[in-house]
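# Survey of secondary and tertiary structure
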Amino acid sequence: MTKNMKDIVNLCANRWFVYPWSEIYGWLANSWDYGPYGSLLKDNIRNLWKKEFIQKRSDTMLIDCSLIMNPKVWEASGHVWWFSDPLMDCKDCKARWRADKIIDDHILKWAKEPDNYAGDKTDSKILEEYISAEKIICPDCWKCNYTDIRRFNLMLKTYLWVTDDSSSVAYLRPETAQGQFVDFPQVARSSRRKLPFGIAQVGKSFRNEITPGNFIFRTREFEQMEIEFFVTPGNDDEYFKVWKDESERFLTKIVWLAQENIRFVEIKKDELPHYSKQAWDFEYQYPFGWWEVETLANRTDYDLKAHMSASGQDMSYFDAVNNKKFIPYVIEPAMGLGRIVLAALCDAYTIEEERTYLKLDPKVAPIKVWVLPIVKKLWDLWKEIYSQLSEDFICEYDEVGSVWKRYARMDEIGTPFCVTIDSDNYDAWNVTVRHRDSMERVVVTIKELNNYIAEGLK
Ligand code: GAP
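The model shown is predicted, which means the values in this text are computed figures rather than measured ones.

## Considering the nonpolar core
Core analysis: the biggest nonpolar cluster contains 62 residues, and Phe-17, Ile-45, Trp-49 and Phe-250 have the highest contact counts within it. With nine residues, the single largest contributor to this core is helix 11 (residues 337-348). Judged by nonpolar contacts, the second largest core, of 20 residues, contains Val-371, Leu-378, Phe-417 and Val-431.

## With respect to the sheet that holds strand 4 (residues 84-89)
Taken in spatial order, the three strands of this open sheet run 5-4-6, and their pairing is antiparallel. Edge positions in the sheet fall to strand 5 (96-98) and strand 6 (150-153), since each of these pairs with one other strand and no more. Each strand of the sheet is rotated relative to its neighbour by a mean of 45°, with strand direction disregarded. Relative to strand 5, strand 4 runs antiparallel, the two being bridged by three bridges. Of the residues in strand 5, the one forming a bridge with Met-88 is Trp-97.

## Things to note about the site of the ligand
By nearness alone, 20 residues border the ligand, and Glu-175, Glu-209, Thr-219, Glu-226 and Glu-292 come closest of all. The contact in question runs from an oxygen atom of the ligand to an N or O atom on the side chain of Gln-224, over 3.0 Å. At 2.6 Å, a side-chain N or O of Glu-292 approaches an oxygen atom of the ligand. Relative to its unbound accessible surface of 550 Å², the ligand loses 93% to contact with the protein. Where the shell around the ligand is concerned, the elements lending two or more residues are strand 10 (221-231), strand 13 (289-300) and strand 16 (329-336). No other element matches strand 13, which puts five residues into the shell around the ligand. When its residues are assigned to classes, the shell around the ligand shows six nonpolar, four polar and 10 charged.

## Structural notes on the side chain of Asp-59
Structurally, Asp-59 is set in the loop between helix 2 (36-55) and strand 3 (60-62). Residue class for Asp-59 comes out buried when judged on its relative accessible area of 18%. Side-chain polar atoms of Asp-59 contact the side chain of Arg-57, separated by 2.8 Å. With residues up to four places along the chain from it excluded, the contact list for Asp-59 reads Arg-193, Pro-196, Phe-197, Gly-198 and Phe-229.

## Considerations on the domain arrangement of the protein chain
Interfaces are often described in size by the accessible area the parts lose on coming together. Looking at the assigned domains, one finds that the protein chain contains domain 1 (5-80 + 156-348), domain 2 (92-153) and domain 3 (367-456). Between domain 1 and domain 2, the residue contacts involve six residues of the former and five residues of the latter. Summed over both sides, the interface between domain 1 and domain 2 buries roughly 630 Å², with carbon and sulfur atoms accounting for 46% of that surface. Counting the surface domain 1 buries against domain 2, the share from its top three residues, Asn-208, Ile-210 and Asp-270, is 59%. For the pair domain 1 and domain 2, the interface holds zero salt bridges. Viewed at the interface, domain 2 and domain 1 are joined by two residue pairs in polar contact (both at pLDDT 80 or more).

## A short note on a nonpolar patch on the surface
A cluster of nonpolar side chains, contributed by Trp-21, Trp-27 and Leu-28, occupies part of the molecular surface with about 300 Å² of accessible area. Secondary-structure assignment places Trp-27 in the loop between strand 1 (18-20) and strand 2 (32-34). Relative accessible area serves as the criterion here: at 35%, Trp-27 is assigned to the partly exposed category.

What counts, and where the lines are drawn
- Residues numbered from 1 in each chain as written.
- Predicted model: local features only at pLDDT ≥ 70, side-chain atom pairs only at ≥ 80, totals over all residues.
- Heavy atoms only, no water.
- Core = buried A, V, L, I, M, F, W, Y, C linked by side-chain atoms within 4.5 Å.
- Buried < 20%, exposed > 50% of the residue type's maximum accessible area, 1.4 Å probe, protein only.
- Helix = DSSP H or I, 4+ residues; strand = E, 2+ residues; numbered from the N terminus.
- Pairing = 2+ DSSP bridges.
- Axes fitted to C-alpha atoms, helices over the stretch in contact; angles between N-to-C directions.
- Near = heavy atom within 4 Å.
- Polar contact = N/O pair within 3.5 Å; in protein donor to acceptor, adjacent residues only side chain to side chain.
- Areas by Shrake-Rupley, 256 points an atom, 1.4 Å probe, with all protein chains shown as cover.
- Nonpolar A, V, L, I, M, F, W, Y, C, P; charged D, E, K, R; others polar.
- Contact = heavy atoms within 4.5 Å.
- Domains from an automatic or database assignment.
- Buried area = accessible area lost by both parts, 1.4 Å probe.
- Salt bridge = Lys/Arg side-chain N within 4 Å of Asp/Glu carboxyl O.
- Patch = residues over 30% accessible without salt bridge, like charges linked within 9 Å, V, L, I, M, F, W, Y side chains within 5 Å.

Set out below in structure tokens:
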């Protein structure tokens with residue numbers, strides 16, 4: 001059965017995963033809050049990423065930089081000039097469009113790229129000429145009557161100090177990566193690492209997206225998990241392959257997204273970001289189509305060189321073995337945490353004859369064990385079992401409704417194990433563990449319970 005985005009969004013709202021932000025004030029469009037289960041799910045994926053790429057590797061380090069950096073960072077990195085979308089308005093119906101997007105849709109529809117299209121999607125004049133030559137119509141009113149293209153910068157502006165004039169403009173970071181570049185000399189010096197090594201960051205980034213949407217897929221505020229992996233120039237192709245394999249392993253063997261829902265697609269030369277020599281996207285097949293969850297880019301020495309020239313500081317690396325100084329190349333696996341959360345939810349959403357549930361991998365599931373008291377007189381024992389389990393796992397306790405209704409609730413939240421106890425079991429110091437996917441029920445001693453659950457989470 002095909003999965004419907006509306007059903008997944010409803011389940012997320014009803015079961016406290018993700019819901020509209022500022023709801024009491026009528027919502028701010030395309031802004032979402034993660035509720036108690038969504039936060040735990042996100043936390044688990046973030047922690048798995050840290051475990052795989054920081055804890056288990058000896059060649060990476062985690063840092064945590066400011067969201068607002070010196071505005072000169074964004075001038076040097078090229079974001080002030082390059083990080084923009086080409087926008088135009090339809091003069092008839094006033095709809096606003098991204099010129100490059102309209103052209104892509106046109107090319108897809110007619111399966112051709114006429115001779116007059118030079119293929120440079122960053123040059124507004126070329127875009128305007130192509131749209132006019134091909135008479136590409138406004139998708140809303142079907143006229144071809146547009147304003148000139150204006151470039152709309154995607155960085156969110158804010159103001160520091162006491163005035164709000166241009167001298168106090170600052171930006172919320174549009175990517176975490178510049179923190180790693182700007183801090184490279186200090187981290188390299190203080191950690192005394194030899195190449196190759198990676199500097200990683202997990203945190204919020206902000207973009208004034210023109211077309212946010214598809215639930216939490218494209219938002220103006222989102223979390224990134226990025227590694228800047230510094231290598232000797234010439235070794236970059238080898239490490240590009242290493243990080244391709246590592247990224248694929250993370251998505252399919254750690255978060256357990258279905259292999260058939262992941263593909264790796266090369267970005268065309270004319271669509272490469274300004275800093276990159278080569279880039280590939282990992283795409284996930286969401287119910288609304290194949291879309292990017294991660295970009296893997298070879299950023300060359302672009303960023304370090306740009307900061308060296310703008311700041312006048314030495315950003316090079318000294319290779320003591322070969323007595324050589326040079327600017328390293330950078331391989332960057334950049335994942336969007338919210339997009340992986342959404343992929344995990346879509347992948348896990350399962351409809352069977354009698355029930356709908358989230359078949360999340362137990363390591364990713366927000367709540368590992370749900371304790372369901374059945375017999376009221378065993379109250380004290382329940383509290384003991386809860387406290388025994390909560391030493392090792394995130395658990396919850398639910399005493400409302402019939403046990404079948406409670407199972408149905410737990411299934412929708414993706415809880416892999418539910419624990420119940422009845423009077424017969426109680427006499428023998430046993431509990432019953434019910435498994436989410438098979439719905440099998442297994443009797444386990446209270447003493448062995450934590451080990452049993454831990455085994456099931458491996
Ligand atoms: N440092 C490189 C960089 O930022 P990117 O492809 O622009 O590259 C990396 O972003 C990842 O961040 C994307 O693959 C995506 O998962 C996530 N991302 C980017 N913009 C986003 C948005 N508006 N909403 C949610 N996630 C976003």
